[in-house]
Every structure is written in C-alpha cells, then in structure tokens.
Amino acid sequence: MRRVLLVVPLLMTASVSVLPVARSFAAAGCTPGGTPPPAGAAQRQVTDLDGDGEPDTLWVGQFRDGDGHINRVVGITTASGANSDVQISSASPMPLTALAIDAQNDGGNQIIVSDGRSARLYTFAECRLQAVVDSASAPFVFDLQNLRDHGTGVGCSDFGPPSVGRHLVGLQALENPPGTGQWTVRRTAIELHGTLATIGQSDTVTATSAQDPAVTSAETISCGDLTISKDGVQQP
C-alpha cells in the first residue's frame, strides 16, 4: 500500500527533537522487493544510493486507485531490485519533478520533489525513501514562489565558519524595493541529520539585475553542478 504524505509549509525550527536515521546498507545492496514503478513512469539513472557501488534509478509517475483517483508518486528502484516510493499530495497542476543530491557532500542521499509551488525534502536511508521532518516532526517543505514569504528556490552553499562545508540552502530572491532593479538574495542554511532538518545560519547578498546569477540561481532548484531542469526527472 502506498503511503500518503500531507504537505505543510516550511517551519523555521530552532531545536532538535528527532533522532537521525543512520545509513546502514549491506554490501550486496537493498533486498529486492516493494512496489515497482507504475506503467509509464519517467525514470532517470542516478548515483549509487544504497551503497552497493551500482547506480540506482529515480522515478516519477502516477497511478489510478480503486476509487478512480489519480495519485502521483516518486520512488527509488535500486540496482538490486528494491523499490520504495512516497505518494505526493498536492493541489498544484504542474508536473512533479525530482532531483537526487548529496547536499552536504557527506554520502547522504536527499531527494527534492517540486510541484512548481513548493519542494518537499526526502532522504533514502535504511533502503526506504523517507520524508525529512523539522523539529516538530512536520514534513520539511521549501517555498518556491514566496507564497508564504519563505523563499523562491533551493540551492547548496558553503557559508564558511562556523558552519564549514556545503549545506542545503533555502533561497529567497526579492526586488527590494519593487521596480528599482535592486535585488537581495537571502540564504538560509538547512542542517541535515538523517531524517531531521533544522534551520542554520543565514546571510544576504545583493544584486543589481534580475539576470544576476545570484538571483537566477535563487529562483530554481540546484546543488553544485546539478539542476532540477537538467538533471531531474519530470512526471510524464
């Protein structure tokens, strides 16, 4: 049975109350099984997610349930034949797009799923695709259209001391004041610990054009050389 995930807005958290999930894979990879991708699902080969040295597959698709409703799902199929997926509940009419990343360059496996309006965050751990949550145990969701004054994109950046190393970052690009051509980009680090995400340090950079790379990169989803438009997989 596929599991339904309810969507809530991004919450700015301050404390840690959820224990992280450690990576733990057998050398042979995950045990085969689980529900395979639905017919017609869009698929893309991604890096090794289960530690067996073989590339795995990220996919996005949909299926019709017994009541005739169309359900959208995102899943992972490992090279060993293991399948894990999450069902995405969203009112957005835009196709789902998913991108696999290692945000902190530490061997973690995150999956960002966008419906064009917001982006949900997952991790592939213990051979399962799992929702990343905040300290209140609510699903961690990025704003992509500043609908709740939270953000316009997602990226990966190194802020330097005291949080040395690359981090997942929530981005908010705003023309400030509107109509002046002066832009600010607010960057907020997201600290990842398995299935737990907490808010870290933040800063602001300025730009003088909507075409400035700082602005354009803050209006999409990317991480390092990966972008969701070029390296993601989109619902057919």
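Above: the structure in question.
Counting of residues starts from 1 at the beginning of each chain's written sequence and follows it residue by residue. Residue-level local features of this predicted model are given only where pLDDT is at least 70; pairs of side-chain atoms are given and counted only at 80 or more, and the full residue set underlies all totals for whole chains, interfaces and linings. Where side-chain values are given, they derive from all heavy atoms of the structure, hydrogens and water being excluded.

Enquirer: Can you walk me through the overall build of the protein in this structure?
Expert: Secondary structure summary: the protein contains two helices and 17 strands in total. Each residue is assigned to one of three classes by its accessible area relative to the maximum for its type, calculated with a 1.4 Å probe on protein chains only: buried under 20%, partly exposed between the two thresholds, exposed over 50%. Burial statistics for the protein: of 236 residues in total, 48% are counted as buried. Sequence-distant contacts, at least 24 apart, represent 53% of the contacts inside the protein between residues at least 6 apart. Per-residue and other accessible areas were derived by the Shrake-Rupley procedure at a 1.4 Å probe size, with only the shown protein chains allowed to occlude residues. Total accessible area computed for the protein in this model is approximately 10,800 Å², and 52% of it derives from carbon and sulfur atoms. Here a strand is any run of E in DSSP of at least two residues, a helix any run of H or I of at least four, and the numbering for each starts at the N terminus. Throughout, a contact is declared for two residues whenever any of their heavy atoms are within 4.5 Å.

Enquirer: Would you mind going over the pairing of strand E9 (residues 128–131) with me for this structure?
Expert: For a regular strand, the rule is simple: side chains alternate between the two faces of the sheet. Paired strands are those between which DSSP finds at least two bridges. Relative to E9, strand E8 (residues 118–125) is paired through four bridges, and the arrangement is antiparallel. When the bridges of E9 are listed, Ala125 appears paired with Arg128. Between E8 and E9, which pair antiparallel and follow one another directly, the connecting turn spans two residues, one of which, Glu126, has a positive phi of 55 degrees.

Enquirer: Could you clarify how one ought to interpret the nonpolar core in this entry?
Expert: Buried together is how nonpolar side chains tend to be arranged in soluble globular proteins. Counting residues in each nonpolar core, the largest one holds 21 residues, and the members touching the most others are Leu58, Val74, Ala98, Ile111, Val113 and Tyr122. Residues contacting Val74, with those up to four places away along its chain left out, are Leu58, Trp59, Val60, Ser84, Asp85, Val86, Ile88, Leu96, Ala98, Val113 and Leu129. The definition of a nonpolar core used throughout is a set of buried Ala, Val, Leu, Ile, Met, Phe, Trp, Tyr and Cys residues joined through side-chain atoms within 4.5 Å. Judged by nonpolar contacts, the second largest core, of 19 residues, contains Leu99, Ile112, Phe142 and Val154.

Enquirer: Can you walk me through the pattern of salt bridges in this structure?
Expert: Note that side chains of opposite charge can pair when their charged atoms are close. What makes a salt bridge here is a side-chain nitrogen of Lys or Arg within 4 Å of a carboxyl oxygen of Asp or Glu, nothing more. In the structure shown here, the tally under the stated rule is three salt bridges. Close ionic contact of Arg120 with Asp115 constitutes a salt bridge, the shortest N to O distance being 3.2 Å. In this structure, Arg120 and Asp115 share a single accessibility class: buried. The closest approach of N and O atoms between Asp231 and Lys230, which form a salt bridge, is 2.7 Å. For Asp231, a relative accessible area of 17% puts it in the buried group. Taking relative accessible area as the criterion, Lys230 reaches 48% and is therefore assigned partly exposed.

Enquirer: Any chance you could explain the state of the cysteines here in plain terms?
Expert: Cysteine pairs can be covalently joined through their sulfur atoms, and such a bond is termed a disulfide. Disulfide assignment relies on a single distance test, namely cysteine sulfur atoms paired within 2.5 Å. Overall, the coordinates contain two disulfides when judged by the stated rule. For Cys30, the disulfide goes to Cys127, at an S-S distance of 2.1 Å. Disulfide Cys30-Cys127: torsion about the S-S bond near -90 degrees, hence left-handed. Of this pair, Cys30 sits in the loop between strand E1 (4–5) and strand E2 (42–46) while Cys127 sits in the loop between E8 and E9, and the two are 97 residues apart along the sequence. Disulfide pairing places Cys156 opposite Cys223 at an S-S distance of 2.0 Å. Note on the Cys156 and Cys223 pair: the S-S dihedral is about -100 degrees, so by sign convention the disulfide is left-handed.

Enquirer: Just to check I follow, could you spell out the pairing of strand E11 (residues 153–160) for this structure?
Expert: Taking burial as the measure, the eight residues of E11 include seven buried ones, the bulk of the element. Between E11 and strand E12 (residues 163–175), which pair antiparallel one after the other, the connecting turn spans two residues.

Enquirer: So what exactly am I meant to see when it comes to unusual backbone geometry here?
Expert: Where the residue is not glycine, phi is negative for most of them; where a peptide bond is considered, it is trans in most cases. A cis geometry characterises the amide bond from Asn176 onward to Pro177, with omega recorded as 0 degrees. You can see Pro177 is positioned in the loop between E12 and strand E13 (183–193). Even without being glycine, Glu126 reaches a positive phi, approximately 55 degrees. According to the relative accessible area criterion, Glu126 is partly exposed, its value standing at 33%. Although it is not a glycine, Asn146 adopts a positive phi angle of roughly 55 degrees. Looking at where Asn146 falls in the secondary structure, it is placed in the loop between strand E10 (141–143) and E11.

Enquirer: Help me out: how do you make sense of the environment of Asp52 in this one?
Expert: Turning to its location among the elements, Asp52 is positioned in the loop between E2 and strand E3 (56–64). We classify Asp52 as buried; its relative accessible area is 17%. Sequence separation between Asp52 and Thr78 is 26 residues, and the spatial gap between their C-alpha atoms is 9.3 Å.

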